[in-house]
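# Overview (structure and organization)
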Amino acid sequence: MEPAVLIIEDDRGNRESLRRILRLDGYRVDTAECFAEAFERENWGDYFAVLLDRRLPDGTADEWLPRLRERAPEAGLIIITAFVDLDGAIAAIRHGAHDYLIKPVDGDDVRGRLRRLAEHRATKDALAETEDRLRAVLSTASDAIVTFDGDGIIQHANPATTRLAGYSAAELPGMKLNALLPGAEAAQSVDTRFQHRQSLADTSHDGIARHKDGHFIPVDLAISPMGDGRLFTGIIRDMSQRRELQKEVLDSAEEERRRIGGDLHDALGQHLTGITYLAETLQKQVSEEDPEAARLAGRIAELLKETIEQTRRLVRGLYPVEPRPDGLRDAITSLAKRLAEDFHVAADFECPDEFVFNDSNAANHLYRIAQEASSNAVRHGGAKSLKIRIVLDEHWMHLMITDEGAGFALDDSPSAGLGLRLMRYRAGLIGGQLTVNSQPDVGTSVVCTIPRPADGKP
């Protein structure tokens, strides 16, 4: 279909001259002698450009421009005039005019302006098409996608965000990002980087989103800067189902550990205890008749007792937290004592006196995190003292392990490998997240934050 141009001009000579000029570039040209005649047309959507004399018998372009813009919102409006006054030009542009042509019209000039207008229209159409595709992608994406500014204020959210968080499309714009991701390492680090305008490219975090009704959702948050870095895009992926599947796998492994631990304690432990009793009885019976045999029997009894103790330690390692409300507190208390005994480390454990924790599986994950962080502090950081704390606030429970050891650079440390990934993995399985801060020659802090259990007491 030929691109169409409408000429509104009362001078017949000018009309025909413009028609011949525009036909050279293959335009379909329609004409009208006045505004009233032009408005009798029904095909306004065909025109990509309208050329109109500024003064016509039934009015001026300034007066008719608003109505022209209503009829042809996408067309380029070019005013033809014998003179240009600044106020009139400003008023015309304000009402939607794109350009001016000065009489007498130069053929090459008008053709060049229409070509530029056509190129602009093509670019605009391509941009609109791209925006439509992007809007369709955002609207149909299964992941929640938000854009926000350097102050962490949400500017736009796709439908998946409303489904994830329970807020309406009208409520999310203007909301702080950390209201959607409260207490999350991702939100906190993002806010800090906003303040310093640092690059956020390729950053991804395990985090926790809070639904409008108050329940928490494990998520993965990936952040990237947009354009000049004034806006950012956050992709929030609901990890609930994956975390549940991972938790079932790990829970199965923990259940197998518990079974093996029970077998070691109940079967092997009792069997060794019985053999120890027999060895001690034999020692007593032969002590007078055969002192050497008695000595050997005593030695066998001692070795059996050592084996029983090693078995008990192995059982504690396989399933360190007893499935009772105070099991986590007692297990970490024992961990601190063993650190002091085995490594001569001043290990302190602080916990609210009335603290209870009834989720035995989560308790085992928290214990393993404390165990791994403490081991890293002693073995890799050379710490001579460390502190383990459980801290409760209104919404969160924090397990904190801090030391004053050698510290490390997070990006370069070999300890930021499997052990750290396992701790993050365990934190994610129980709906929490792990924050690690370390400085060489200063020390390290490891904080696991989870939603506060309903039965945790301050």
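In this text, all values refer to a predicted model and were calculated from it rather than measured experimentally.

## Let's talk about the side chain of Glu 9
For Glu 9, the position within the fold is in the loop between strand E1 (4-8) and helix H1 (12-23). Residue classification places Glu 9 among the buried positions, given a relative accessible area of 1%. Polar side-chain contacts of Glu 9 include one of 3.0 Å to the backbone nitrogen of Asp 11. Those residues in contact with Glu 9 that lie beyond four places of it in its chain are Asn 14, Arg 15, Ala 32, Glu 33, Asp 53, Leu 56 and Lys 103.

## Here's the deal with the confidence of the model for the chain
Note: predicted coordinates in regions of low pLDDT should not be interpreted at a detailed level. For the chain, the mean per-residue pLDDT works out to 82, and 88% of the residues sit at or above 70. A low-confidence stretch, residues 184-202 (pLDDT under 50), is modelled with 38 contacts involving residues beyond four sequence positions or located in other chains.

## So, the packing of helix H12 (residues 360-379) against helix H13 (residues 418-429)
The N-to-C vectors of H12 and H13 enclose an angle of 160°; their axes lie 9 Å apart at closest approach. What the angle tells us is that H12 and H13 run roughly antiparallel. The two elements H12 and H13 meet at a crossing, and its hand is left-handed. Residues His 365, Arg 368, Ile 369, Glu 372, Ala 373 and Asn 376 of H12 pack against Gly 419, Met 423, Arg 426, Ala 427 and Leu 429 of H13. Residue classes in the contact of H12 with H13 are distributed as 5 nonpolar, 3 polar and 3 charged.

## Brief notes about the sheet that holds strand E15 (residues 396-403)
Strand order across the open sheet formed by 5 strands is E13-E14-E15-E17-E16, with mixed pairing between neighbours. Pairing within the sheet leaves two strands with one partner each, and these edge strands are strand E13 (346-350) and strand E16 (433-439). The mean inter-strand angle of the sheet, taken between neighbouring strand axes irrespective of direction, is 10°. Pairing analysis gives 7 bridges linking E16 to strand E17 (residues 443-451), with the strands arranged antiparallel. Bridging from a neighbouring strand, Leu 434 pairs with Cys 448 of E17. Each of E16 and E17 is contacted by H13, which is oriented at about 150° to E16, the strand it contacts most.

## With respect to a nonpolar patch on the surface
On the surface, Leu 418, Leu 422 and Tyr 425 cluster together to form a nonpolar patch covering roughly 280 Å² of accessible area. Within the secondary structure, Leu 418 is located in helix H13. Leu 418 gets classed as exposed once you look at its relative accessible area, which sits at 55%.

## Here we look at the nonpolar core
Judged by nonpolar contacts, the single largest core of 40 residues is most densely connected at Leu 328, Phe 357, Leu 366, Ile 390, Met 397, Leu 399 and Leu 434. Secondary structure elements with two or more residues in this core: helix H11 (327-343), E13, H12, strand E14 (385-392), E15, H13, E16 and E17. The residues touching Leu 366, leaving out its near neighbours within four places in the chain, are Leu 328, Phe 357, Met 397, Leu 399, Ile 430, Cys 448 and Ile 450. In terms of nonpolar packing, the next biggest core, distinct from the first, is built from 22 residues, Ile 8, Phe 35, Tyr 47 and Leu 68 among them.

## A few points about H11
With 17 residues, H11 should reach 24 Å at 1.5 Å per residue; the first-to-last C-alpha distance of 24 Å fits that figure. Burial in H11 covers these residues: Gly 327, Leu 328, Ala 331, Ile 332, Leu 335, Ala 336 and Leu 339. In this structure, the buried side of H11 is in contact with E13, H12, E14 and E15. A positive phi of about 55° marks His 344, the residue just after H11.

## Focus: the pattern of salt bridges
All chains considered together, the criterion is met by 25 salt bridges. Residue Arg 28 pairs with Asp 46 through a salt bridge whose shortest N-O separation is 3.6 Å. Of the two residues, Arg 28 sits in strand E2 (residues 28-32) while Asp 46 sits in the loop between helix H2 (35-38) and strand E3 (47-53), which places them 18 residues apart along the sequence. For Asp 46, a relative accessible area of 31% gives the class partly exposed. The partner of Arg 135 in a salt bridge is Asp 132, with the nearest N and O atoms 3.1 Å apart. Residue Arg 135 and its partner Asp 132 are both found in helix H5 (residues 107-140); the two are separated by 3 residues, about one turn of the helix.

## Notes on the environment of Asp 125
Examined against the element boundaries, Asp 125 turns out to sit in helix H5. Judged by its relative accessible area of 38%, Asp 125 is partly exposed. When the C-alpha atoms of Asp 125 and Glu 74 are compared, they prove to be 10.0 Å apart, with 51 residues separating the residues in sequence.

Reading the values: the criteria
Residues numbered from 1 in each chain as written. Predicted model: local features only at pLDDT ≥ 70, side-chain atom pairs only at ≥ 80, totals over all residues. Heavy atoms only, no water. Helix = DSSP H or I, 4+ residues; strand = E, 2+ residues; numbered from the N terminus. Buried < 20%, exposed > 50% of the residue type's maximum accessible area, 1.4 Å probe, protein only. Polar contact = N/O pair within 3.5 Å; in protein donor to acceptor, adjacent residues only side chain to side chain. Contact = heavy atoms within 4.5 Å. pLDDT = per-residue confidence, 0-100. Axes fitted to C-alpha atoms, helices over the stretch in contact; angles between N-to-C directions. Parallel < 35°, antiparallel > 145°, perpendicular 65-115°, else oblique. Left-handed = near helix turned anticlockwise from the far one by under 90°. Nonpolar A, V, L, I, M, F, W, Y, C, P; charged D, E, K, R; others polar. Pairing = 2+ DSSP bridges. Patch = residues over 30% accessible without salt bridge, like charges linked within 9 Å, V, L, I, M, F, W, Y side chains within 5 Å. Areas by Shrake-Rupley, 256 points an atom, 1.4 Å probe, with all protein chains shown as cover. Salt bridge = Lys/Arg side-chain N within 4 Å of Asp/Glu carboxyl O. Core = buried A, V, L, I, M, F, W, Y, C linked by side-chain atoms within 4.5 Å. Expected span 1.5 Å × (residues − 1).

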